[in-house]
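What the coordinates show
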Amino acid sequence: MSRYKQFIVVALACEAKPLIAHYKLKKRTQDSAFPCFENDPLSLIISGVGKVAAAAASAYIVATSDRPEFSSWLNVGIAGHQHHNIGRAFVAHKITDASSGRCFYPTHITDLPCPTAGIVTADKPVDDYPDDALVDMEASGFFETASRFSTTELIQSLKIVSDNAAHPATGINEKQVNALISAQLETIDDILRHQQQLAEELCTIHQAPAQYEAIASQWRFSHSEQIQLRDILRRWSVLNNGAQPTREDLRDCHKAKHVLLWLNAHLPDEHP
Amino acid sequence: MIDTIYIEAAVADHPRTQEICARFPAATQIPCERYGEIFNRKAQNFRLQKKRPALILAAKHQNFVKEAPLGYAIGGQRNYYFSHMLNCLYDCRYCFLQGMFRSAHYILFVNYEDFQQEILSIAQQTPDEDVYFYSGYDCDSLALEPVTHFTEAFLPVFEKQTNAWLELRTKSTQVRGLLDRDPLQNCVVAFSLNPDAIARELEHKAPNLERRLQALEKCQTQGWPIGLRFDPLIYRADYREQYQALFDTVFSRVDADRVHSVSLGVFRLPEVYYKNTQKLYPDDKLFAEPLYKNNGVISYSPEQEAEMLSDCEQMLSAYLPDNKVFPCLL
């Protein structure tokens with residue numbers, strides 16, 4: 001099991017279908033609130049249409065996962081734009097909730113496989129597109145909720161243009177949506193790969209020291225003592241070029257606090 | 001260098017905004033209402049953002065100039081600082097900015113004129129007394145000079161108000177603007193220096209010691225008052241040898257008689273900033289080393305701190321009179 005999860009939130013089953021096939025996701029059988037699919041570390045949820053549904057689904061997928069230390073989030077879906085060609089993909093750089101006026105700003109710290117754009121999240125379908133932004137119905141709910149569970153550098157929203165002033169949304173069918181998403185699988189792969197690298201980087205930085213599990217399970221540490229243990233083992237490792245105390249070192253420790261005392265006493269007291 | 005520029009609506013038409021945007025034609029421009037929407041929000045990771053910080057162009061509305069904390073001085077009684085910019089191009093591991101701000105994006109307040117007006121107003125209150133203004137408190141004064149044209153805009157103000165002193169504090173080599181004009185005797189170009197091994201270990205993305213010394217030499221040759229800032233001093237078992245070698249090198253390159261001031265201070269961070277930074281860099285030696293809390297500040301033990309300051313002051317006394325050396329007592 002990975003220490004991180006990659007959550008994908010889509011509104012429609014026809015948006016999910018090519019992703020489920022491409023990433024070989026299996027349906028989770030225990031879910032009734034939302035259809036969920038997974039193939040560790042990926043989990044996909046179909047939220048239904050609208051920002052409230054997207055927010056609820058985002059909360060659901062993380063609450064029903066194995067409480068990962070780190071998670072990356074990708075919202076994939078279709079959107080309208082006044083003049084962009086159908087099929088073009090954009091990553092959101094600003095998400096504006098149309099009804100509240102609140103704005104969210106996804107941060108991009110890696111190269112992106114496609115251009116960025118502003119997104120306006122509307123409460124209902126619109127046929128008068130704003131000048132300079134894509135229009136969708138989920139991004140603000142998704143982003144606001146996901147940012148409660150992860151750092152914003154790991155949260156992205158990818159929108160594929162499905163309708164524009166010349167080709168309104170009323171004419172779109174499921175088959176077309178499926179095709180639009182399928183055509184951007186490489187783009188999605190690329191974003192997920194970058195997100196995975198960042199999540200793995202965070203996992204490595206915050207990785208528990210090598211001996212932590214073994215020591216924590218051998219003695220009974222309170223919660224605060226566990227935090228102290230983790231901290232002191234990390235300092236041990238950093239200051240001793242990766243060296244960790246051995247079972248033999250701790251043989252005379254009968255209680256958790258004896259372990260902490262011994263570790264503290266044997267930390268290098270001289271700076272490098 | 002800059003891929004993304006956030007622009008506050010209020011400064012979208014400001015000439016400085018236009019000029020900076022023109023310098024980065026490929027950058028994505030994203031409008032925002034107030035910079036805090038981006039800079040202050042929760043759920044940001046300073047360490048990750050440092051990989052690719054964006055530039056935020058904004059307006060500052062109040063508190064343009066603040067009183068410097070007690071103990072922050074280079075000879076004057078009246079000391080102020082101002083921050084036309086927040087955050088820094090460099091990534092020094094000991095820097096308090098990474099513990100103070102949630103975001104690593106650079107903020108540039110483009111309404112320089114408001115800062116200048118307040119600087120003049122403060123300086124004019126005591127025309128017969130020198131007033132010191134520090135510009136490198138929340139940023140490096142010169143590192144982004146080609147973008148900000150900070151000195152070009154501010155030096156004329158200090159040229160007219162001669163009781164107002166400006167300290168430019170930097171690790172950068174961006175001194176061309178200074179070399180292209182006549183020096184001001186009330187502007188101290190202060191270079192932050194550490195032994196090369198420590199700089200390489202901790203002062204990521206900053207020019208190495210040799211390049212800083214070259215910039216420093218050029219400024220002094222041109223006639224600019226020079227400041228030397230050995231702050232923070234970093235403890236190493238052989239710190240005496242390392243800092244002695246540094247001082248020997250520096251004073252073999254600069255004319256000590258024409259050095260305006262030297263300041264010293266050991267590595268220290270307010271406890272909150274220390275904890276925030278340690279969370280970002282739990283794998284860094286600087287935060288694994290034994291440190292102590294004293295009056296809400298995390299630093300070396302009081303004895304060690306006193307010893308380091310005393311040792312370094314003594315080493316410096318071979319080159320400079322005591323009245324040019326200012327231990328930072330924060």
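Please refer to the structure placed before this passage.
Residues numbered from 1 in each chain as written. Chains lettered and ligands numbered in written order. Predicted model: local features only at pLDDT ≥ 70, side-chain atom pairs only at ≥ 80, totals over all residues. Heavy atoms only, no water.

1. With respect to the overall build of chain B
Of regular secondary structure, chain B possesses 13 helices and 18 strands. A globule of 330 residues ought to have a C-alpha radius of gyration of about 20 Å, and chain B, at 20 Å, matches this closely. Principal-axis analysis of the C-alpha atoms gives chain B an extent of 55 × 50 × 35 Å. Buried residues in chain B amount to 60% of all 330 residues. Long-range pairs, those at least 24 residues apart, make up 77% of the contacts in chain B with a sequence separation of at least 6. Carbon and sulfur atoms make up 47% of the accessible area of chain B, which amounts to about 13400 Å² in all. Separation of charge centres in chain B, based on 35 positive and 43 negative side chains, amounts to 7 Å. (Helix = DSSP H or I, 4+ residues; strand = E, 2+ residues; numbered from the N terminus. Rg over C-alpha atoms; globule rule 2.2 N^0.38 Å. Buried < 20%, exposed > 50% of the residue type's maximum accessible area, 1.4 Å probe, protein only. Contact = heavy atoms within 4.5 Å. Areas by Shrake-Rupley, 256 points an atom, 1.4 Å probe, with all protein chains shown as cover. Lys, Arg positive; Asp, Glu negative; His and termini not counted. Charge placed at Lys NZ, Arg CZ, Asp CG, Glu CD.)

2. Quick notes on the sheet that holds strand 15 (residues 268-270) of chain B
All names here are of chain B. Judged by pairing direction, the sheet is antiparallel, and its three strands sit side by side in the order 15-17-16 without closing on themselves. Every other strand in the sheet has two partners, leaving strand 15 and strand 16 (292-294) as the edge strands with one partner each. Shown here is a sheet whose adjacent strand axes are inclined to one another by a mean of 30°, direction ignored. Strand direction decides the pairing type here: strand 16 and strand 17 (residues 297-299), joined by three bridges, are antiparallel. The partner of Asn-294 across the bridge, within strand 17, is Val-297. Sitting on the sheet, helix 12 (residues 271-280) is in contact with strand 15, strand 16 and strand 17, with an inclination near 100° to strand 15. (Pairing = 2+ DSSP bridges. Axes fitted to C-alpha atoms, helices over the stretch in contact; angles between N-to-C directions.)

3. Quick notes on the side chain of Arg212(B)
All names here are of chain B. Checked against the element boundaries, Arg-212 lands in helix 10 (residues 209-222). A residue is classified by how much of its surface remains accessible, and Arg-212, at 1% relative accessible area, is buried. Side-chain polar atoms of Arg-212 contact the backbone oxygen of Ser-192, separated by 2.8 Å. (Polar contact = N/O pair within 3.5 Å; in protein donor to acceptor, adjacent residues only side chain to side chain.)

4. Quick word on the sheet that holds strand 13 (residues 226-233) of chain B
Residues and elements named next belong to chain B. Spatially, eight strands are ordered 4-5-9-10-11-13-14-18 in an open sheet, and the strand pairing comes out mixed. At either end of the open sheet lies a strand with only one pairing partner, and these are strand 4 (65-67) and strand 18 (325-327). The sheet shows a mean angle of 25° between the axes of neighbouring strands, direction not considered. Bridge count between strand 4 and strand 5 (residues 78-82): three bridges; the pairing is antiparallel. Across the sheet, Val-65 pairs through a bridge with Phe-82, a residue of strand 5. Across the sheet, helix 13 (residues 302-317) touches strand 13, strand 14 (259-266) and strand 18, and the angle it forms with strand 14 is around 160°.

5. Quick notes on the interface of chain A and chain B
On the side of chain B, 33 residues touch chain A, which itself brings 32 residues to the contact. If you look at where chain A meets chain B, you find two salt bridges. Residue Glu201(A) is joined to Lys51(B) by a salt bridge in which the shortest nitrogen-to-oxygen separation is 2.9 Å. Counting the contacts that link chain A with chain B gives 14 residue pairs in polar contact (both at pLDDT 80 or more). At the level of secondary structure, the elements contributing two or more residues to the side of chain A that touches chain B comprise strand 6 (89-97), helix 5 (185-205) and helix 7 (223-239) of chain A. Tallied by class, the residues present in the side of chain A that touches chain B amount to eleven nonpolar, twelve polar and nine charged. (Salt bridge = Lys/Arg side-chain N within 4 Å of Asp/Glu carboxyl O. Nonpolar A, V, L, I, M, F, W, Y, C, P; charged D, E, K, R; others polar.)

6. Re the pairing of strand 9 (residues 131-134) of chain B
Residues and elements named next belong to chain B. The two faces of strand 9 match: Val-131 and Phe-133 on one face and Tyr-132 and Tyr-134 on the other face are all buried. Bridging between strand 5 and strand 9 involves four bridges; their strand directions are parallel. The partner of Tyr-80 across the bridge, within strand 9, is Phe-133. One ladder, built from four bridges, connects strand 9 with strand 10 (residues 164-170); its direction is parallel. Considered in strand 10, the bridge of Tyr-134 is made with Glu-167.

7. A closer look at the packing of aromatic side chains
Throughout the structure, instances matching the rule amount to 32 aromatic pairs over all chains. Seen in terms of ring centroids, Phe82(B) and Phe150(B) are 6.1 Å apart; in terms of plane orientation they differ by 45°. Their pairing is tilted. Residue Phe82(B) is located in strand 5, and its partner Phe150(B) is located in helix 7 (residues 150-160); the two are separated by 68 residues in the primary sequence. Assigned by exposure class, Phe82(B) and Phe150(B) land together as buried. Above the ring of Tyr212(A), the side-chain terminus of Arg230(A) is found at 5.6 Å from the ring centroid. Lys60(B) extends its terminal NZ or CZ atom over the ring of Phe109(B), reaching a point 5.4 Å from the ring centre. (Phe/Tyr/Trp six-rings, centres within 6.5 Å; stacked < 30°, edge-to-face > 60°. Lys NZ or Arg CZ within 6 Å of the ring centre and 35° of its normal.)

8. Concerning the environment of Arg240(B)
Residues and elements named next belong to chain B. Looking at where Arg-240 falls in the secondary structure, it is placed in helix 11 (residues 239-253). Not counting residues up to four positions away in its chain, the partners in contact with Arg-240 are Glu-307, Asp-311 and Met-315. Reaching out from Arg-240, the side chain makes a polar contact with the side chain of Asp-311 at a distance of 2.9 Å.

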